[in-house]
Amino acid sequence: MLRSKALWYLMMAGAVAGWIFSLIGVVRPYRNERLNKLWKTVAFTWVFGHPLELIVSHGIGKAAGLPTVKIILKTLVFGITWWLPVKLGAIKG
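Residues numbered from 1 in each chain as written. Predicted model: local features only at pLDDT ≥ 70, side-chain atom pairs only at ≥ 80, totals over all residues. Heavy atoms only, no water.

A. Just the overall build of the protein chain, in detail. Secondary structure summary: the protein chain contains four helices and zero strands in total. Counting from the amino terminus, the protein chain carries its helices and strands in the arrangement α-α-α-α. Taken along the three principal axes of its C-alpha coordinates, the protein chain extends 45 × 25 × 15 Å. Taken across its 93 residues, the protein chain has 30% of its residues classed as buried. Summarising the internal contacts of the protein chain: among those between residues at least 6 apart in sequence, 54% fall at separations of at least 24. (Helix = DSSP H or I, 4+ residues; strand = E, 2+ residues; numbered from the N terminus. Buried < 20%, exposed > 50% of the residue type's maximum accessible area, 1.4 Å probe, protein only. Contact = heavy atoms within 4.5 Å.)

B. Expanded view of the nonpolar core. The biggest cluster of nonpolar side chains holds 10 residues, and these are Trp 8, Met 12, Ile 60, Leu 66, Ile 71, Trp 82, Trp 83, Val 86, Ala 90 and Ile 91. Secondary structure elements with two or more residues in this core: helix 1 (5-27) and helix 4 (80-88). Of all hydrophobic cores here, the second largest spans six residues; its members include Phe 21, Tyr 30, Val 42 and Trp 46. (Core = buried A, V, L, I, M, F, W, Y, C linked by side-chain atoms within 4.5 Å.)

C. Local environment of the packing of aromatic side chains. In the structure shown here, the tally under the stated rule is three aromatic pairs. The interplanar angle of 25° and the centroid separation of 4.8 Å between the aromatic rings of Phe 21 and Tyr 30 together place this pair among those described as stacked. Owing to a relative accessible area of 17%, Phe 21 belongs among the buried residues under this scheme. Look at Tyr 30 and you get buried, because its relative accessible area is 17%. With 4.9 Å between their ring centres and 45° between their planes, Phe 44 and Phe 48 make a pair best called tilted. Linking Phe 44 with Phe 48, this pair stays in helix 2 (residues 33-63), spanning four residues, or about one helical turn. Judged by relative accessible area, Phe 48 falls into the partly exposed class, the value being 47%. (Phe/Tyr/Trp six-rings, centres within 6.5 Å; stacked < 30°, edge-to-face > 60°.)

Structure (structure tokens):
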């Protein structure tokens, strides 16, 4: 299952949805208390987690023969849902 391209592309779509959710919260803050707490959690994770993943993803991307700019962009947008399947060989990058 972890080598399924479809699974990882679905997970990447979820990562993009998380960014959209976060950006909407910046532009138009959520009034619902639960949504606002969820927004803060997701935004914190995305903003601080993805850059930290660059440490791990850079080596994985380089081993897969990918250029640094592509590694950085895909890690910042998709995070673990991109570099882990590259490492597992489920996707080429």
